[in-house]
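# Residue-level structure breakdown
One letter stands for each residue in the lines below.
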Amino acid sequence: MNSRIDDRKFKRISRRELLKLTPVLALGAFAVPALQKPLLRTGLGFSDWASARLFRSGHLAPTFTDSDLTPFSKFPINGYDVDDPGVDFDIWNLTVAGAVRKPGDYKLAQIQALSKFTQNTRHVCVEGWDVIGNFGGVRLSDFLTMIGADTTARFVTVECADDYYESLDMATALHPQTLLCYEMYGQPLTREHGAPLRLNIPTKVGYKQAKYLTDLKVTNVLERVGYWEDQGYSEFYGL
């Protein structure tokens, strides 16, 4: 694809039209074993590039009524390592660093002092299941404003108490439905669901929505992308 294609024209290309390229790219891809992994990496890279340009920062993910909610007891608990890394809530804080005017440690009460938003949105897991949940918290964009983040930077990264890590492109971080979530179904997060603070991002697949947050950084350089992405999963994975 010509790299000079105007972004505005590119955004007018539908996802269906992009998918038409798939048979062409796939033709013969697995004929030569030595080329399989490079071709897969190239295809995934193109998919991420295309998805990022199709992402509309003002476009909202679907929201649902309370009657549509999956019962909390049936909301799956999905972790990458342990269901409870043993966070000490009494001393917990979110450590902020990088391209911000106000780095340092932030208590949960400071985050909760920002305007609270709740949303009934779909949580989609890469394993193939999805549920509709109720999430409450503060917009990540409001928190970034509070800490004086440089929103011209490219990424926001997070680290977690269970050693998980993740990154978001800045457009996703600033999306109005991207939350620093501290409640589900009107109650404080349980330990199994990521207490005391997790990401809720209905425009992204589940593995982007890190739990047990401990650190947040605003940066232009990614030393690592994300736990699953660094093992070959999509970096963008928008829904």
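Provided above is the structure to which this section pertains.
### A word on the pairing of strand β4 (residues 130–139)
- The buried count for β4 comes to eight of 10 residues, which makes it a mostly enclosed element.
- Pairing of strand β3 (residues 116–124) with β4, which is carried by nine bridges, proceeds in the antiparallel orientation. In the strand pairing of β4, H123 is matched with V131.
- Here β3 folds back onto β4, and the loop between the two strands holds five residues, one of which, G128, carries a positive phi near 115°.
- As judged from the five bridges shared by β4 and strand β7 (residues 179–184), these two strands associate in the antiparallel manner. Opposite R139, over in β7, you have L179 as the bridge partner.

### Digging into the nonpolar core
- Counting 34 residues, the largest nonpolar core has F143, L144, I147, L180, L213, L216 and V218 as the members making the most contacts within it.
- Every element with two or more residues in this core is listed here: β1 (94–98), α6 (140–146), β5 (155–160), α7 (170–173), β7 and β10 (213–219).
- In this structure, V218 is in contact with A97, G98, A99, V100, L144, A149, D150, A153, F155, V156 and M170, ignoring residues within four places of it in sequence.
- Formed by seven residues, the second largest nonpolar core is a distinct cluster that contains V131, F135, C181 and M184.

### Some thoughts on unusual backbone geometry
- Here A195 and P196 are connected by a cis peptide whose omega angle stands at 5°.
- With respect to the helices and strands, the residue P196 is situated in the loop between β8 (187–188) and β9 (198–200).
- In the Ramachandran plot, Y185 falls in the positive-phi region, its phi being about 55° despite a non-glycine side chain.
- The topology assignment puts Y185 in the loop between β7 and β8.
- The exposure class of Y185 is partly exposed, given its relative accessible area of 21%.
- Notably, Y212 is not glycine yet its phi reads approximately 55°, a positive angle.

What counts, and at which threshold
Residues numbered from 1 in each chain as written. Predicted model: local features only at pLDDT ≥ 70, side-chain atom pairs only at ≥ 80, totals over all residues. Heavy atoms only, no water. Buried < 20%, exposed > 50% of the residue type's maximum accessible area, 1.4 Å probe, protein only. Helix = DSSP H or I, 4+ residues; strand = E, 2+ residues; numbered from the N terminus. Pairing = 2+ DSSP bridges. Core = buried A, V, L, I, M, F, W, Y, C linked by side-chain atoms within 4.5 Å. Contact = heavy atoms within 4.5 Å.

Function cannot be inferred from these measures alone, as they are strictly geometric.
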